[in-house]
Every structure is written in structure tokens, then in C-alpha cells.
Amino acid sequence: MLKVNNMLLENILPAHVVQVYLDLNRSLDELYYEKYDNVAVMFASLTDYKLGVEEDGDLSDKFVLRILDEVISDFDRLLLTGTSVYKVEKIKMADWTYMAACGLDPNRRESMDSSSFNSIVDRKQNSPYNRALVLTMVEFAAAMMKQLKNFNRGSFQSFEGLNLRIGISNGEVAAGVVGSLKPLYDIWGNAVNMASRMDSTGEAGRIQVTENTAILLDGCGVLTSYRGETFVKGPGYIKTYFVPLDENFNLIKKDQINTLMIMNLRKAVM
């Protein structure tokens, strides 16, 4: 029964939180709360869905549920197949938006000894650990886009296909469990709000990130494209960036661009 309880809880809560709730000595009134200096947060919204069955309400509801179940199940499987040492956690699914985060592990804290920094702020934010979390989250977002393309290819006779609009940010996050009878693990903070804004103000088929996230990706050698100043609710106009992908939905490294430019120059000379 303990194994069954563990399995059921791990489907709705992160593994480290499950162990807390399986503690028989824990008070039922005790609140579970965590605080993180840096977490990468992603909101991914399914867009452009034209199902072709809108004239039949009952059929449409069932068809939408089946499509949504298949797509989300595909995304959930990606959580188990990632190669990064840093775990991506699904937070929740709201309507057509998939929310996930990377860095929600109280046993892992960034190492301050692995690099040199120009300031205390840079030391806290632009560290190897923080860069790895952001890179893992963006790679997961790219994998979602690739998986959705494969799904669309296999379902083209049923409907016209789906698209993903993804927003990612990073920063301080508070996490905790709400509800004792039906517990829900959730996260709060400016990083969560900004990731949501990056999604809602983004473009279908693209990954939009905040400037601080783009800086960390730059430190990983990943190419980002400056979009310009985008108006978001709250802070107003802020600098945002897109993360371009190649034809195989891989992140583009900056050294790849330099190599390609050199090759093109050589061809032009010849």
C-alpha cells in the first residue's frame, strides 16, 4: 500500500515532496514551503487548433479531449526521457497551456567555486548552475516543438494541426503545496509571471525569453535573436529575445553561425 501511495503521489507532486507527505509523523496542518534563488519557468500554449468538427458540439468535445490527451501525454513522456542531470517538473496544465519548471530540487544548490565573477550580483545570477537550468528548460521546450510536429504529421487527416507558443524566464521562485485533501504543488514569483507574459506576448512556433534568460543562454553559447522592446503587463516595455531553432528543432550554437559565415565567405571568394 505504501508503494501504491508513493506511485500515486509522484504523479501529482515532485518526488522530494512525496517523501514529506509519506512521513507518518508529519502534522496534517503543517504547510510545505520552499524558496529558490533561481528556477527556469516555462509556459507553452497550444495554438492554431482547427479541429473541423465545430458543427457537432458533442463530437467536438470528445475529439478535443482525445487530441489534448494524446499531446499532453507525449509532452509528459519527454519529462522521463531527458538527458540532462537537471530535472524538469511539470507544474500543471491549464486549458491549452502546459507549465513546467527546472531547478526545483532542494538537494541541489549552485556551486560558487566553479567560476569567477565580476560582482556579487553576477555571481548569484550568471553561474554555471543557473545557466544549466535555463539551457535544460529551453532544450525541453525545443523537444516539445519537435514532438508536436511529429504528432501533427501523424494526425494530418483528422485536423489541420497544432502549434506551440512558448515563453521562458528565470529567477527567484517560491514553491509550496496548497490543499491538504487534494494537494497541489505550485510555484509563485516574478519569474513565473514573466514566463507567462513571454508566452502570451510571443508568437506561434517560437520560443520567447526575457533578457536575463537570454544572457544565460549566451553564456552557454546558444544563439538568441533580439526581438525588441515588448509591452508586458506590469513592468511595461522590456527587452525580449527569441531562441531560433534549426530544421531539426535543435538550439543553434553561436560558433555554428561563425563557421557558416566563414564557409559562405570562402565560397564567395572562389
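Residues numbered from 1 in each chain as written. Predicted model: local features only at pLDDT ≥ 70, side-chain atom pairs only at ≥ 80, totals over all residues. Heavy atoms only, no water.

Attention shifts here to helix α7 (residues 211-219). When we look at burial in α7, the residues that qualify are T213, A214, L216 and L217. Considered in projection along α7, the buried side chains sweep an arc of 160° and stay on one side of the axis. Positive backbone phi, approximately 80°, marks G221, located one or two places after α7. (Buried < 20%, exposed > 50% of the residue type's maximum accessible area, 1.4 Å probe, protein only. Helix = DSSP H or I, 4+ residues; strand = E, 2+ residues; numbered from the N terminus. Arc of directions from axis to C-beta.)

Right, let's talk about the packing of aromatic side chains for a bit. Going through the model one piece at a time under the given rule, you end up with four aromatic pairs. Between Y86 and Y129 the ring centres are 5.6 Å apart and the planes differ by 75°, which places this aromatic pair in the edge-to-face class. Here Y86, found in the loop between α3 (57-81) and β2 (88-94), pairs with Y129, found in helix α5 (residues 128-154); they are 43 residues apart in sequence, far enough to count as distant. Of the two residues, Y86 and Y129, neither departs from the other in class, the shared state being buried. Aromatic side chains Y226 and Y241 sit 5.1 Å apart centroid to centroid with 50° between the ring planes, which places their arrangement in the tilted category. (Phe/Tyr/Trp six-rings, centres within 6.5 Å; stacked < 30°, edge-to-face > 60°.)

As a further point, take the packing of α5 against α7. In contact at an axis separation of 9 Å, α5 and α7 are set at 100° when each is read in the N-to-C sense. Taken together, the axis directions place α5 and α7 in an arrangement best described as roughly perpendicular. In contact with N130, R131, V134, L135 and V138 of α5, α7 contributes T213, L216, L217 and G219. Along the lines of polarity and charge, the residues of the contact of α5 with α7 split into five nonpolar, three polar and one charged. (Axes fitted to C-alpha atoms, helices over the stretch in contact; angles between N-to-C directions. Parallel < 35°, antiparallel > 145°, perpendicular 65-115°, else oblique. Contact = heavy atoms within 4.5 Å. Nonpolar A, V, L, I, M, F, W, Y, C, P; charged D, E, K, R; others polar.)

Going through the model one piece at a time under the given rule, you end up with eight salt bridges. Between R77 and D74 there is a salt bridge, and its shortest N-O distance comes to 2.6 Å. With R77 and D74 both in helix α3 and three residues apart, the pair spans about one turn of that helix. Among the ionic pairs, D186 bridges to K92, the shortest N-O distance being 3.1 Å. One end of the pair, D186, is in strand β5 (residues 184-188); the other, K92, is in strand β2, and 94 residues separate them in sequence. Accessibility expressed as a relative area gives 10% for D186, which makes it buried. (Salt bridge = Lys/Arg side-chain N within 4 Å of Asp/Glu carboxyl O.)

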